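# Residue-level structure breakdown
For reference, the chains in residue letters:
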Amino acid sequence: MSVHRKICPDPVAAARACAQEILALLDAALDQQNTATLAISGGRSPAPMFEELARQRFDWDRVHLFWVDERAVPPADPQSNYRLAHELLLAPAQVPPQNVHRVEAELPPGEAARRYEAEIRSFFRLAPGSLPQFDVIHRGLGADAHTASLFPGEPLIDDREGIAAAVWVEKLFAWRITLLPGVLLNARHTVVLATGADKAVALRNVFLAPYEPKQFPGQLGLREGIAMKWFVDQAAARWLE
């Protein structure tokens, strides 16, 4: 397994290249099995990625969609990761509702996390103590080097056994629900989309600073031997070239 980086001219090019990689990985998975699983992240960066995924002719009937993380807001809220994905991917691509496994983030955060974990356990038919293995996990990167909703200093960054949890993000004064590191590291394939000049320092720290995921959560996966591909634009990669 190895980590690769693809540097693209601009954010849209990076997002589209990431989308094409996701489709290729899903297609390869569907050559071997009846259905495939994809976990997507939120924020604004993946918007053109979602649009590209929706534009392509793909058999979404055979793909089950999950979320890497979600904000503790109802699904119609402008801050909802589900809402963005629904508007740009789920509705345009006509992804079957039964294939969409969203976080019920309108519930109290702890309950939302418990229900999401139960949904994952049921879908993957997990034995006690087992972790799910997603075919593809899409991750993002924050300007502070957070990934999923695992922010610098979060104690759960050391957790390798749990599936999902509610986390309080002090700097945002907000709750999030997130998949935990054990699940992220267990994915068959991981793609990371990081674009914009505000990500340049974070990317530099992820790739060039000492390996300290507690300080730079985006480093998760770089030394664990997983199949990981990064899609970045030139502005974000300014310290890497």
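Everything below is about the structure shown above.
Quick notes on the rules
- Residues take numbers from 1 onward in each chain, read along the sequence in its written order.
- This being a predicted model, a pLDDT of at least 70 is required before a residue's local features are given, and a value of 80 or more before pairs of side-chain atoms are given or counted; all residues contribute to the totals for chains, interfaces and linings.
- With hydrogens and water set aside, each side-chain value is computed from the structure's full complement of heavy atoms.
- In this text, helices come from DSSP runs of H or I with a minimum length of four residues, and strands from runs of E with a minimum of two, each type numbered from the N-terminal end.
- What makes a salt bridge here is a side-chain nitrogen of Lys or Arg within 4 Å of a carboxyl oxygen of Asp or Glu, nothing more.
- Three labels apply to residues, based on accessible area from a 1.4 Å probe with only protein chains included: buried if under 20% of the type maximum, exposed if over 50%, partly exposed otherwise in between.
- Residue count minus one, scaled by 1.5 Å, sets the expected span of a helix.
- Any pair of N or O atoms that falls within 3.5 Å is considered a polar contact. Within protein, one atom must be able to donate a hydrogen and the other to accept it, and sequence-neighbouring residues count only if both atoms are side-chain atoms.
- When DSSP locates at least two bridges between a pair of strands, those strands are taken to pair.

## Quick word on unusual backbone geometry
Backbone geometry follows two general trends: most residues other than glycine have a negative phi, and most peptide bonds adopt the trans configuration. Despite not being glycine, arginine 125 has its phi angle at roughly 55°, a positive value. Locating arginine 125 in the fold gives a position in the loop between α4 (109-124) and β6 (136-140).

## Focus on the pattern of salt bridges
Tallied over the full model, the rule gives 11 salt bridges. Between glutamate 106 and arginine 102 there is a salt bridge; the shortest N-O distance is 2.9 Å. Here glutamate 104 makes a salt bridge to arginine 115, at a shortest N to O gap of 3.5 Å. Of this pair, glutamate 104 sits in the loop between β5 (100-101) and α4 while arginine 115 is found in helix α4, placing the two residues 11 residues apart along the sequence. Owing to a relative accessible area of 27%, glutamate 104 belongs among the partly exposed residues under this scheme. By sharing partners, the salt bridges in this structure join Glu104, Glu111, Arg114 and Arg115 into a single network.

## Notes on helix α1 (residues 11-32)
Along its 22 residues, α1 runs 32 Å from first to last C-alpha, staying within 8% of the 32 Å computed at 1.5 Å per residue. Residues of α1 that are buried: Ala14, Ala15, Ala17, Cys18, Ala19, Ile22, Leu23, Leu25, Leu26, Ala29 and Leu30. Capping of α1 at its N-terminal end is provided by aspartate 10; its side-chain oxygen lies 3.1 Å from the backbone amide nitrogen of valine 12.

## Observations concerning the pairing of strand β2 (residues 36-40)
Across the five residues that make up β2, a large majority, five, are buried. Side chains of β2 alternate between two faces, with Ala36, Leu38 and Ile40 and Thr37 and Ala39 buried alike. Bridge count between β2 and strand β3 (residues 63-67): five bridges; the pairing is parallel. If you follow threonine 37 over to β3, its bridge partner there is histidine 64. Inspection of the sheet shows β2 paired to β6 by two bridges, in the parallel sense. What sits directly across from alanine 39, in β6, is isoleucine 137.

Honestly, that's just the spatial picture; any functional story needs more than this.
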